[in-house]
Amino acid sequence: MSRRSHHLTELGCIACEDLAEFGAGKEGWLAPDAGTTVLCAIDAHSIAIANRSLVLILGWSDPDEQRVKIRPELSPIEAERITTIEWLVFDDIKVIAVGTSRGFLLIYSLRGDLIHRQMVYHGQIIKLRVRGTKKDQMQDISSGDVCVVMPGVIARFDGSDIQSMLQRWFQDTHSRFWDEKPNKDPEDDENSHGRLPYQLWNVSKYGSCVDAAITGIIPPPLMELQSSQRYYCAVTIGDDAVISAFRLSVDRKRSLVGAILSKVMPATFSTISSFSKMIWRNEPTPNRKPEEKLQSFARASALTCLKDHPRKGEKLTLSPSGTLAAITDSLGRILLLDTQALVVVRLWKGYRDANCFFMEMLVNRDDKHPSSSHHAPGKSDYCLCLAIHAPRKGVIEVWQMRTGPRLLALNCAKGCRLLQPTYRFGSLSDSPYVPLEVFLLNGDSGQLSVLNRLLN
């Protein structure tokens, strides 16, 4: 039973003894500036919490729901650790994605079964960002993608490819269960449905990035012939350049250097290998699991950058349409970036270590018949806002976009964290519109609340 206050509605409590492994019980254990980094990802009725080596999945709406612990097989030699987690939610499938410090993408079922394991690139995965794309003139259907952010590297997985792989895995698992066939070796089964195709770009021209996002599809360069090839816009933030923007080409062959290397290098290597076999007769070697072949880079063209030493970019959040991005920096400022014009349209000061999420609210809406089903609010009734959590001030503020006033400010405990559910792939168009919401998790009490969407 939820309890409603003026600006918050309490939804449930996640307090349990399993949270002790993450530092629960210590004051401020969930705060971003705590000694140990605790990762959180929320979805409808479920929340995932992770540290360096463990992922805990628990329900916040049903206290009797079974909790699941996932301990990925990490390399102790490489000191591999969990660096990010995110939910992947489709119409009938929900899984948890894990990124590691060695560049591996792991996908687990809600039972803790390893579904897929794939290396994206050498290096730490900083962020897994799920993005929905709407219908527009350049795209006939709505879809979504998963953006993998690494230092100086961005990768993009298409949501339909992930969904197809998951459907095949669940179908095979179901058939094996009823056929009672012997279980396969997990190492042979984890990638039995093949590698996921993806695009990879190098965006380190202005230095290594600490966060990034693909904002959407953009037109090709002016001097380039029109074609069916897609171009994406990517915004990165980092230590050397506060903000950088790139045009990402999907076709790897459009890079002249990449085309030469892709043709010359394999032929050269094959010739050298054949010549060496003629000279030396190699002894037979035991069968080894072949190393994963890394994806080659597609072309990334720089569009603009903002350098303002000693300011450093820290965190980035994207609006649902991808046209706005909120960026926090090391000087306590929040920049609102128009990702289409690539200009900063608003600036806030005095918000060190802030965390931001876009949300939708009903502002100054006169509901004469709030209980009537004929007055169910649609997308056009909501106003886009930015929720800012300033932990040093102990306050949460909500500002109307783009240049509107501050709508509310409420105090919060030190050990709180602001969370937002991930994008749901393939949402039904005829279902009631679900606005973008922001949740508040109090680490000290375990209480989970949601910011009320109605503001009178």
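These numbers come from a predicted model, not from an experiment. (Residues numbered from 1 in each chain as written. Predicted model: local features only at pLDDT ≥ 70, side-chain atom pairs only at ≥ 80, totals over all residues. Heavy atoms only, no water.)

Trainee: Could you give an account of the pattern of salt bridges, naming the residues involved and the relevant values?
Mentor: Counted under the stated rule, the structure contains 20 salt bridges. Arg71 is paired through a salt bridge with Glu21; the nearest N and O atoms lie 3.1 Å apart. One end of the pair, Arg71, is in the loop between β6 (68-70) and β7 (82-89); the other, Glu21, is in the loop between β2 (8-13) and β3 (39-43), and 50 residues separate them in sequence. Given a relative accessible area of 38%, Glu21 falls into the partly exposed group. A salt bridge links Lys379 to Glu360, with the shortest nitrogen-to-oxygen separation between them at 3.4 Å. Pair noted here: Lys379 is in the loop between β23 (355-363) and β24 (383-390) and Glu360 is in strand β23, with a separation of 19 residues, a long-range link. On the basis of relative accessibility, which here comes to 49%, the residue Lys379 falls in the partly exposed class. When its relative accessible area of 7% is taken as the criterion, Glu360 is described as buried. Here the salt bridges do not stand alone but share partners, grouping Glu17, Asp18, Glu21, Arg67, Lys69 and Arg71 into one network. (Salt bridge = Lys/Arg side-chain N within 4 Å of Asp/Glu carboxyl O. Helix = DSSP H or I, 4+ residues; strand = E, 2+ residues; numbered from the N terminus. Buried < 20%, exposed > 50% of the residue type's maximum accessible area, 1.4 Å probe, protein only.)

Trainee: Before we move on, can you summarise the sheet that holds strand β4 (residues 46-50) with the specific residues and values?
Mentor: Taken together, 4 strands build an open sheet; the order of strands is β3-β4-β5-β6 and the sheet is antiparallel. In this open sheet, the two strands that pair with only one neighbour each are β3 and β6. The mean inter-strand angle of the sheet, taken between neighbouring strand axes irrespective of direction, is 15 degrees. Strand direction decides the pairing type here: strand β5 (residues 55-59) and β6, joined by 3 bridges, are antiparallel. (Pairing = 2+ DSSP bridges. Axes fitted to C-alpha atoms, helices over the stretch in contact; angles between N-to-C directions.)

Trainee: Would you mind going over the packing of aromatic side chains in detail, with residue names and values included?
Mentor: All told, the structure shown has 10 aromatic pairs when counted by the stated rule. Both rings, one in Trp169 and one in Phe170, keep their centres 4.9 Å apart while their planes meet at 90 degrees; by these two values the pair is edge-to-face. By relative accessible area, which is 5% here, Trp169 ends up buried. Grouped by ring-pair contacts, the aromatic residues Phe90, Tyr423 and Phe425 constitute a single cluster. It is Lys94 that lies over the ring of Trp87; its NZ or CZ is 5.2 Å from the centre. Above the plane of the ring of Phe104 lies Arg117, whose end atom (NZ or CZ) is 4.0 Å from the centre. (Phe/Tyr/Trp six-rings, centres within 6.5 Å; stacked < 30°, edge-to-face > 60°. Lys NZ or Arg CZ within 6 Å of the ring centre and 35° of its normal.)

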